[in-house]
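Here is what each chain is made of, one letter per residue.
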Amino acid sequence: MKISVIGAGYVGLVTGGCLAEIGHQVVCTDSDIVKIRTLESGSLPIYEPGLDAVIAKARRDGHLSFHENLADAVDFGEVIFICVGTPPLPNGDADLSAIDNVARLVATSARGPKLVIEKSTVPAQTGQELKRALSVYGRKSGITFLVASNPEFLREGTAVADFLHPDRIVVGVEDEIAERQLKEIYGPVLEGKFNCPIHAPACPAGPPPAWLVTTINSAELIKHASNSFLALKISYTNMVADLAERLGADIGEVTRAMGMDPRIGPSFLNAGLGFGGFCLPKDLQAFVHLAERSGVDFSLLKEAEKINRRRMDHFVEKIRRALWVIRGKKIGVLGLAFKPNTDDIRFAPAIDLIQLLVADGACVRAYDPEAMEKARTVLPKVEFAPSAYDAAQGAEALLIATEWEQFRRLDWERIRESMARPLVLDGRNMLSPLEMKTRGFEYFSIGRPD
Ligand SMILES: NC(=O)c1ccc[n+]([C@@H]2O[C@H](COP(=O)([O-])OP(=O)(O)OC[C@H]3O[C@@H](n4cnc5c(N)ncnc54)[C@H](O)[C@@H]3O)[C@@H](O)[C@H]2O)c1
């Protein structure tokens, strides 16, 4: 099928790359010309494991191309995936201006009927507005536009595998034609009929993805409700961690047992610095606003947000207790990205943490395997180290802010020897308190006995 993807960010590139990988003809465009030129030159503007190979192969096979001309790109596909950003407005509501711009673009550039699919995360009822905008802006053309919602559940860091092996594909549609087209698009994924670029020689056995057909409103609500629930789970865990800390219990032992209950499940039960990234914080806020606008008091979600904001104060307080005075101290920080295996620093807890420490007068030297280039622009007063060892060198405290797997395997004896004071504050509970004590560190983590 011929498909246009609008928005060449994380979701647009994974969507475009993977749809091309499973056999479709894809043209991807973006309003950011620099981004499109970077992509045309063969580089990727983001780090996402496996995505570079998928995109390179799709381009080589002639299945994927990037176009600067938005109107031409839009007209290419019989189906259009909208993957533009929906960032938070200052009041927390979702900024839908990019969706509105795309509606105008599609309505005025299309020369034939299109199925327009929202893949961006949007508040419920956006599909209705999109339909209206398409018919208003396109009233002179007489072209028919169908609208569908197809929320994306991929996780940065494992996005390609998540797209190709989803547990469910949700399609919000209003008519059979849209449903049929979406089923055709996802046919190879549903039937497992594609050469998987991630798993060689064979994909792990598992049930096929569930195919869920809903209304457009429900599909939109599913995405916001899912992300808000995950945020709730993290904030709940963090509160239990605070309690464990006071009572001398170990949050790791508590959540391990909790997660064995299939009604609860083990994911998103990690205590630490809280959630960040481009999805959970903004989707939670947008969901709260949607509820308010709809006359529903969803204060439960406001509390989850408040708890998340307090995580940073809680951790900085721990640092202050350990260091006594922060001003003038050399502090090493491991991790900048909002989670491991990505270079995405949007709403990353590590960035907030460093900004607080710098404001308190600390001299911060940070290291991240992938996110330093992006962090440089937002952390002008921070020194960036070429390795984790350099970040620790001479430091009076070393903080773990992102749980990159490689930090677990560092030569911790070497780090202890190089530090001015062997003090580690682990904001992600990556390391074992007992092992760290045995190695001669003062070690503090979250919700575990010091
Ligand atoms: N990043 C994730 O893990 C993830 C997962 C699921 C859903 N989502 C949702 O998908 C959407 C996109 O997220 P992202 O992380 O890919 O964002 P992103 O910022 O990486 O990409 C968005 C892209 O849209 C482009 N854009 C903005 N306005 C445009 C316009 N009018 N025309 C063409 N291009 C335009 C931007 O230049 C940018 O490249 C958001 O709604 C997000 O909530 C993100």
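Placed above this text is the structure.
How each quantity is defined
- Residues numbered from 1 in each chain as written.
- Predicted model: local features only at pLDDT ≥ 70, side-chain atom pairs only at ≥ 80, totals over all residues.
- Heavy atoms only, no water.
- Core = buried A, V, L, I, M, F, W, Y, C linked by side-chain atoms within 4.5 Å.
- Buried < 20%, exposed > 50% of the residue type's maximum accessible area, 1.4 Å probe, protein only.
- Helix = DSSP H or I, 4+ residues; strand = E, 2+ residues; numbered from the N terminus.
- Contact = heavy atoms within 4.5 Å.
- Near = heavy atom within 4 Å.
- Polar contact = N/O pair within 3.5 Å; in protein donor to acceptor, adjacent residues only side chain to side chain.
- Areas by Shrake-Rupley, 256 points an atom, 1.4 Å probe, with all protein chains shown as cover.
- Nonpolar A, V, L, I, M, F, W, Y, C, P; charged D, E, K, R; others polar.
- Phe/Tyr/Trp six-rings, centres within 6.5 Å; stacked < 30°, edge-to-face > 60°.

### Comments concerning the nonpolar core
- Among the nonpolar cores identified, the biggest contains 60 residues, and I319, L334, L336, L353 and W412 are the most heavily contacted of them.
- Tallying contributions element by element places helix α12 (residues 299-323) first for this core, with six residues.
- With residues near it in sequence (within four places) discarded, I319 still touches W324, I326, I331, L353, L357, L399 and L425.
- Counting residues in each nonpolar core, the second largest holds 45 residues, with V14, A159, V160 and V171 among its members.

### A word on the site of the ligand
- Close to the ligand lie 27 residues; D30, K35, T86, E156 and K282 are nearest.
- Within the side chain of D30, one N or O atom sits 2.5 Å away from an oxygen atom of the ligand.
- The backbone of T121 places a nitrogen or oxygen atom 2.9 Å from an oxygen atom of the ligand.
- For the ligand, whose unbound accessible area comes to 830 Å², protein coverage reaches 88%.
- Sorting the residues of the shell around the ligand by element identifies α1 (10-21) and α5 (97-109) as the ones contributing at least two each.
- A per-class count over the shell around the ligand returns 11 nonpolar, eight polar and eight charged.

### Concerning the packing of aromatic side chains
- Taken as a whole and judged by the stated rule, the model has four aromatic pairs.
- A centroid spacing of 6.2 Å and a plane angle of 35° characterise the contact between F163 and Y186, whose relative ring orientation is tilted. Within this pair, whereas F163 is found in helix α7 (residues 159-164), its partner Y186 is found in helix α8 (residues 176-191), the two being separated by 23 residues in sequence. One exposure class covers both F163 and Y186, and it is buried.

### Examining the side chain of D75
- With respect to the helices and strands, the residue D75 is situated in helix α4 (residues 70-76).
- With a relative accessible area of 17%, D75 lands in the buried category.
- Contacts of D75, omitting those with residues within four sequence positions, involve S109, A110, R111, G112 and K114.

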